[in-house]
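Topology and contacts: notes
These are the residues of each chain, in order.
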Amino acid sequence: MDSKAGVLRLEADRLSDLFGALQEAGFEIVGPTVRDGAILYDRIEKVSELPRGWTDEQQPGHYRLKRRNDDALFGFVVGPFSAKRFLHPPHERLFSATKTPDGGVQFEATDSETPRFAFLGLRACELSAVAIQDQVFLHQDYVDPIYAARRNEALFVAVECTVSGAACFCTSMNTGPEVTDGFDIALTEVVSDEEHYFLVRTGSDRGRTIVDTLQLNAAEDSETKAGQKRVAAARESIGRRLETDGIKELFYRNQEHSIWQDVARRCLACGNCTMVCPTCFCTTVEDVTDLGGAFAARDRRWDSCFSLDFTYANGGQARSSGASRYRQWITHKLASWHDQFDRSGCVGCGRCITWCPVGIDITEESAKLRAGEAPGVTRNEQ
Ligand code: SF4
Ligand code: SF4
């Protein structure tokens, strides 16, 4: 946090004023809330829906909610949902066709109203993931109209991490925990026995307009430092690492390594890792009809490189083994993404580690591959 950048102070019991200002400006708030035993992003209307006093415990293949010993509203890291679920929804109807009484067919493009989301609580790594999806959906030859419409309306109220999770490795990917760009408003929560407040910064004119309505006072230097200290402590506490030096070449050199067979013995090819990943973007289209033959529609839904049908073409699958599917996923994330988009496809959020039912860990598999290149380690052909 840059203490010279006009940091303001918002009392925690006035967070409802920020909710009001966002709603007054026509935004639907999407923020963290406790649902189904996890902290998920969902549409929320009141501060009371935030996970006050909750934190998350994460390990490979493990997620549990736990009580904190304070009233922190953002004292956890990231859950299974990300902004992707709202900007690039899991299921969208593209168009439909209905038989008319005179035997013709009427086509209808889906023209639903574009929601105006204010994302509350996105972390630094999640803002990086949005920037990656922007690159995929907005800055290539083809602009995705569904994503573009939602993204253009979206406002981001980010929150800096003051705790880290055991699956986090944003520091290896240079994506966090400090919120430095891609935000309209950034909050840092300071909670102690004596006080509970937020440090507030703005990163865009839209964010400034909202914050101006709150008429906040400037934060004291000591208050700003208290926030910085908490974010620095979160940075220090991140124990997981991904060595990124020469990582593209590492994966390209090892397409036939025995590690892929080893992962395939554990991997269920369930695709969870791709569903929870905030940067994975693949979709498929499917046509649906009613039984009477009077209605048909084309839908788009998220797909996964772990599904057998994903590479089906001309009567066969290009990647029929589990080994080749896992290799494809991790190689795309950490290596070929660099060729395609000039950066890594991973922001170090750790979701694929936590939500893999068998605890397969992208950092560990990558480290094993690196170690496997050491003299004396054998390689197999697949
Ligand atoms: S690959 Fe895993 S750690 Fe990296 S961005 Fe995707 S879910 Fe997060
Ligand atoms: S790595 Fe884990 S989450 Fe991904 S497909 Fe395999 S079992 Fe499922």
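Throughout, a residue's number is its position along its own chain's written sequence, starting from 1. All chains are assigned letters beginning with A, and all ligands numbers beginning with 1, in the order in which they are written. Local features in a predicted model are, by the rule used here, given only for residues with pLDDT of at least 70; side-chain atom pairs are given and counted only at 80 or more, and totals for whole chains, interfaces and linings are based on all residues. Calculation of side-chain values draws on the structure's entire complement of heavy atoms; hydrogens and water are dropped beforehand.

1. What about the pairing of strand β6 (residues 91–99)?
Quick reminder of the rule: Between any two strands, at least two bridges found by DSSP are needed for them to pair. Runs of E in the DSSP output that reach at least two residues are strands. Runs of H or I that reach at least four are helices, and both are numbered from the N terminus.
The pairing of β6 with strand β14 (residues 295–302) spans seven bridges and is classified as antiparallel. Across the sheet, the residue bridging to Phe95 is Arg298, located in β14. The pairing of β6 with strand β7 (residues 105–109) spans five bridges and is classified as antiparallel. Opposite Ser96, over in β7, you have Glu108 as the bridge partner. Counting the residues in the hairpin turn of β6 and β7 gives five residues, including Gly103, whose phi is positive at 90°.

2. Brief notes about the site of ligand 1
Spelled out, the test is: Throughout this document, a residue counts as near a molecule or strand when at least one of its heavy atoms sits within 4 Å of that molecule or strand. Nonpolar residues are Ala, Val, Leu, Ile, Met, Phe, Trp, Tyr, Cys and Pro. Charged residues are Asp, Glu, Lys and Arg, and all others, Gly as well, are polar.
Close contacts around ligand 1 come from 13 residues, with Cys277, Cys346, Cys349, Gly350 and Cys352 the closest. Counting only elements with at least two residues in the shell around ligand 1, the list comes to α11 (322–341) and α12 (351–354). In terms of residue class, the shell around ligand 1 is made up of nine nonpolar, two polar and two charged.

3. What about unusual backbone geometry?
Note: most residues except glycine have negative phi, and most peptide bonds are trans. Here the amide bond leading from Gly176 into Pro177 is cis, since omega sits at 0°, within 30 degrees of zero. Even without glycine at this site, Asn174 takes up a positive phi of about 55°. Mapped onto the secondary structure, Asn174 falls in the loop between α5 (170–173) and β10 (185–191).

4. A word on the pattern of salt bridges
Going by this rule: Salt-bridge detection follows one rule: a side-chain nitrogen of Lys or Arg within 4 Å of a carboxyl oxygen of Asp or Glu. Relative accessibility under 20% of the residue-type maximum defines a buried residue, over 50% an exposed one, and the middle range a partly exposed one, all with a 1.4 Å probe and only protein chains included.
Summed over the entire model, instances satisfying the criterion amount to 26 salt bridges. Between Asp339 and Lys248 there is a salt bridge, with its nearest N and O atoms 2.8 Å apart. Note that Asp339 is positioned in helix α11 and Lys248 in helix α8 (residues 247–253), a separation of 91 residues in sequence. Under the relative-accessibility criterion, Asp339 is labelled partly exposed at 47%. We note a salt bridge from Glu286 to Arg301, for which the minimum N-O separation is 2.9 Å. Highlighted residues: Glu286 in strand β13 (residues 283–289) and Arg301 in strand β14, separated in sequence by 15 residues. You can call Glu286 partly exposed: its relative accessible area is 29%. Here the salt bridges do not stand alone but share partners, grouping Asp262, Arg266, Glu364, Glu365 and Lys368 into one network.

5. Here's the deal with the domain arrangement of the protein
The condition that has to hold: How far each domain reaches was decided by an automatic or database domain assignment. Note on contacts: a residue pair is in contact if any heavy atoms of the two residues lie within 4.5 Å. Buried area, as used here, totals the accessible surface that two parts lose on assembly, with accessibility defined by a 1.4 Å probe and the loss added over both. In protein, a polar contact means a hydrogen-donor-capable atom and an acceptor-capable atom, both N or O and within 3.5 Å, with residues adjacent in sequence counting only if both atoms are side-chain atoms; elsewhere, any N or O pair within 3.5 Å suffices.
Entries for the protein in the domain assignment read domain 1 (8–237) and domain 2 (247–372). Between the C-alpha centres of domain 1 and domain 2 there is a distance of 25 Å. Taken together, the contact between domain 1 and domain 2 spans 45 residues of the former and 40 residues of the latter. Carbon and sulfur atoms supply 59% of the area that domain 1 and domain 2 bury against each other, a total of about 3,500 Å² over both sides. Of all residues in domain 1, Lys84, Ile132 and Phe169 give up the largest surface area on contact with domain 2, accounting jointly for 17% of the area buried on that side. At the junction of domain 1 and domain 2, the tally comes to three salt bridges. Of the charged contacts, one joins Asp144 and Arg300 as a salt bridge, the two residues approaching to 2.5 Å between their closest N and O atoms. At the junction of domain 1 with domain 2, the criterion picks out 29 residue pairs in polar contact (both at pLDDT 80 or more). Those elements giving two or more residues to the side of domain 1 that touches domain 2 turn out to be β3 (38–44), β4 (54–59), β5 (62–67), α2 (84–87), β6, α3 (124–137) and α5. The residue inventory of the side of domain 1 that touches domain 2, partitioned by class, reads 23 nonpolar, 15 polar and seven charged.

6. What to know about a nonpolar patch on the surface
Quick reminder of the rule: Surface patches are drawn from residues lacking salt bridges whose relative accessible area is over 30%; two like charges belong together within 9 Å, two nonpolar side chains (Val, Leu, Ile, Met, Phe, Trp, Tyr) within 5 Å. To measure how exposed things are, a 1.4 Å probe is used in the Shrake-Rupley method; for residues, cover is taken only from the protein chains shown.
Where nonpolar side chains cluster on the molecular surface, the patch consists of Phe95, Val105 and Phe107 and spans about 300 Å² of accessible area. Structurally, Phe107 is set in strand β7. For Phe107, a relative accessible area of 58% corresponds to the exposed category.

7. Examining the packing of aromatic side chains
Condition: By convention, a stacked pair of Phe, Tyr or Trp rings (six-membered ring in the case of Trp) has centres within 6.5 Å and planes under 30 degrees apart, an edge-to-face pair has planes over 60 apart, and any other such pair is tilted. Charge-over-ring placement is defined geometrically: NZ (Lys) or CZ (Arg) within 6 Å of the ring centre, and within 35 degrees of the ring normal.
This structure, assessed with the given rule, holds 18 aromatic pairs. Taking 5.6 Å as the distance between ring centres and 75° as the angle between the ring planes, the aromatic pair formed by Phe86 and Phe117 counts as edge-to-face. Placement of the pair is Phe86 in helix α2 and Phe117 in strand β8 (residues 117–122), with a sequence separation of 31 residues. Phe117 sits in the buried class, given a relative accessible area of 0%. Through successive ring pairs, a cluster of aromatic residues spans Phe137, Tyr147, Phe281, Trp337 and Phe341. Taking the ring centre of Trp54 as reference, the NZ or CZ of Arg67 above it sits at 4.0 Å.

8. Quick notes on the packing of helix α9 (residues 259–266) against α11
Worth spelling out the cut-off: Angles run from 0 to 180 degrees between N-to-C directions of axes, and those axes are lines fitted to C-alpha atoms, restricted for helices to the stretch in contact. Comment on the angle field: the value is read as roughly parallel under 35 degrees, roughly antiparallel over 145, roughly perpendicular from 65 to 115, and oblique elsewhere.
Two numbers describe how α9 lies on α11: the axes approach to 8 Å, and their chain directions differ by 105°. In terms of axis orientation, α9 runs roughly perpendicular to α11. Every residue of α11 that contacts α9 at Trp260, Gln261, Val263 and Ala264 is listed here: Gly322, Ala323, Tyr326, Arg327 and Ile330. Per-class residue counts for the contact of α9 with α11 are six nonpolar, two polar and one charged.

9. Regarding the pairing of β14
Looking at chain direction, β13 and β14 are connected through seven bridges and run antiparallel. Directly across from Asp287, in β14, lies its bridge partner Arg298. Turn length for the β13-β14 hairpin, with the two strands adjacent in sequence and antiparallel, is five residues, and the turn residue Gly293 shows positive phi of about 75°.

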